[in-house]
Amino acid sequence: MTSLTYRDAGVDIEAGDALVEAIKPLAKATDRSGTMGGLGGFGALFDLKAAGFRDPVLVSSTDGVGTKLKLAIDSGIHGTVGQDLVAMCVNDLVVQGAEPLFFLDYFATGRLEVAQARQVIAGIAEGCRIAGCALVGGETAEMPGLYKGGDYDLAGFSVGAAERGALLPRGDVGPGDVLLGLASSGVHSNGFSLVRRVIEAAGLALSAPAPFAAGQSLAEALLAPTRIYVKPLLAAHRAGLVKAAAHITGGGLPGNLPRVLPKGVAAALDARAWPVPPVFGWLARAGGIAPEEMLRVFNCGVGMVVVVPPDRAEAAIALFAAEGETARRIGVLEAAEGAASVRVDHLGAGWPG
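This one's a predicted model, so the numbers in the text were calculated from it and none came from an experiment.

A. Spatial organisation of the environment of A290. Structurally, A290 can be placed in the loop between α9 (278–287) and α10 (291–297). Put simply, A290 and W351 are 61 residues apart on the chain and 8.6 Å apart in space, counted from C-alpha to C-alpha.

The following block contains the structure:
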C-alpha cells in the first residue's frame with residue numbers, strides 16, 4: 001500500500017507555513033500601543049494599561065463579508081474584501097463608544113493559494129491600519145471537500161475598549177436631537193445576494209463596464225470596500241458631540257437606527273436630505289426594487305447615523321469635515337408612542353433615482 005501524506009489528502013502544510021511568513025510584515029505594520037509579541041504563538045496578548053485605559057469595559061464584535069465574497073472569487077479581485085471584513089466589525093465597536101484594539105481573522109478554503117490569501121490578508125491589514133487596531137492573529141483552515149476550487153470564506157473578530165463612563169448610547173437621547181448621516185462608499189457588505197440576482201436579471205458579466213461608474217468594471221465598482229468610520233467618530237465622541245450612533249448594515253436605516261434609540265422616540269428622516277450614489281439607482285431600476293425594499297436591504301448612501309444635540313449639530317458637521325467625512329442633516333428625533341421606530345418621508349415613486 002502506498003504511504004499517504006496530508007498533501008495527498010489535499011492539505012499543504014508547507015503552503016500554510018509560507019503564508020504565515022508572507023503575512024508577518026503585514027501584521028507587524030498594524031502594531032499599536034498595547035500589543036505584545038507577534039504572530040505564531042498559541043494566543044495573542046494585549047496590555048490595556050499600556051493602551052492608556054484606566055477603567056475599561058471590553059466590547060467585542062464578530063462578522064463576515066457575506067456573499068460579496070462570491071463576486072471577489074468570480075472576478076479574481078481579492079484585495080478589498082479584507083477591508084470589508086474589518087469594517088463590519090470595527091464599525092460595530094465604535095458605535096458603542098469603543099476604540100478598536102485588536103483584530104483576528106479566520107480564512108477557510110478548499111486549497112490554499114498563497115498569493116490569493118496574501119491579497120485578502122493585505123486588505124485585512126489595511127483595514128486594521130485605517131481603524132487603528134492591531135492584527136494580532138488568525139486561523140487559516142484548508143478543508144478540501146468542503147470548499148470548491150478557489151472558493152474561500154472569511155470571518156473576523158475584533159475587541160475594543162471604552163472607559164466605563166464613555167459608553168454609547170448616552171442616556172439623554174431624546175426628541176429634538178439631530179440625525180447626521182455619514183456618506184457610504186457604496187453598497188458596503190450587505191445585500192449582495194440581491195445584488196447578484198440583479199446582475200443575473202440584467203444579463204451582465206462582472207467584467208462588463210459598470211452602468212453607474214465610468215471607467216470601472218461592474219466587479220470593480222461593486223467591490224468598493226466598506227468605509228471605516230472609527231477615527232472620525234471617535235474624534236466626535238471625545239469632543240462630546242455624540243449621543244448615539246448606528247452602523248447601517250443589513251436591515252438598512254429602518255432596521256438599524258432603532259437599535260440605539262429609547263422607547264418613546266421616532267426617527268423622522270427626509271429622503272431628499274442626502275444624495276443617493278448611482279449604484280443604488282441602478283439596482284432599483286435593473287431589479288425593479290421598490291423604495292421600501294431598497295431602504296430595508298441597503299444603506300442607500302448612509303453608512304453611519306450619528307445622533308447629536310441640536311445646538312452642536314454644526315460643530316459636529318465641521319468636525320467630521322475636518323476628519324475627511326461628509327456629514328449631512330438627514331432628520332430629527334420626535335416624541336412617539338411605544339418602541340423606537342423610523343419614518344422616511346419623501347421617498348417618491350422614482351427614489352432612489
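Still more ground to cover, so stick around.
B. Summary view of the packing of helix α3 (residues 81–94) against helix α7 (residues 230–238). Their axes nearest at 10 Å, the elements α3 and α7 cross at an angle of 5°. As judged from the angle between their axes, α3 and α7 are roughly parallel. Contacts between α3 and α7 pair V90, N91 and V94 from the former with V230, L233 and L234 from the latter. Residues that form the contact of α3 with α7 fall into these classes: five nonpolar, one polar and no charged.

C. Region of interest: the layout of surface pockets. Volume-wise, the largest pocket comes out at about 860 Å³. Estimated volume of the second largest pocket: approximately 240 Å³. The wall of the second largest pocket is formed by D63, D92, V95, Q96, L168, P169, A246, H247, T249, N256, R259 and V260. A breakdown of the residues in the lining of the second largest pocket according to their chemical character gives five nonpolar, four polar and three charged.

D. Up close: helix α4 (residues 114–131). Its 18 residues give α4 an end-to-end C-alpha distance of 25 Å, which sits within 8% of 26 Å, the value for a rise of 1.5 Å per residue. Check the buried side of α4 and you find it contacts α1 (13–28), α3, β4 (99–109), β5 (134–142), β6 (152–163) and α7.

E. Spotlight on the sheet that holds strand β11 (residues 327–335). Pairing within the open sheet is mixed, and its six strands lie in the order β8-β10-β7-β11-β9-β12. The sheet is open, and its two borders are formed by β8 (244–247) and β12 (341–345), each paired with just one other strand. Taken over all neighbouring pairs, the strand axes of this sheet differ in orientation by 25° on average, direction set aside. With four bridges joining them, β8 and strand β10 (residues 302–308) adopt antiparallel strand pairing.

F. Expanded view of the sheet that holds β4. Pairing is mixed in the open sheet, where four strands are placed in the order β3-β6-β4-β5. The two strands at the open ends of the sheet, each matched to only one other strand, are β3 (56–64) and β5. Taking each pair of neighbouring strands and ignoring which way they run, the sheet shows an average axis angle of 15°.

G. Region of interest: the packing of helix α2 (residues 68–75) against helix α5 (residues 192–202). Across the interface, α2 lies against α5 with an axial gap of 8 Å and an inter-helix angle of 50°. Classed by the angle they form, the pair α2 and α5 counts as oblique. Contacts between α2 and α5 pair K68, K70 and L71 from the former with F192, R196 and I199 from the latter. In terms of residue class, the contact of α2 with α5 is made up of three nonpolar, no polar and three charged.

How each quantity is defined
Residues numbered from 1 in each chain as written. Predicted model: local features only at pLDDT ≥ 70, side-chain atom pairs only at ≥ 80, totals over all residues. Heavy atoms only, no water. Helix = DSSP H or I, 4+ residues; strand = E, 2+ residues; numbered from the N terminus. Axes fitted to C-alpha atoms, helices over the stretch in contact; angles between N-to-C directions. Parallel < 35°, antiparallel > 145°, perpendicular 65-115°, else oblique. Contact = heavy atoms within 4.5 Å. Nonpolar A, V, L, I, M, F, W, Y, C, P; charged D, E, K, R; others polar. 1 Å grid on protein atoms, 1.4 Å probe; cavity = no way out; pocket = protein on both sides within 12 Å on 5 of 7 lines; lining within 4 Å. Points joined across faces, edges and corners; volume = space filled by probe spheres on them. Expected span 1.5 Å × (residues − 1). Pairing = 2+ DSSP bridges.

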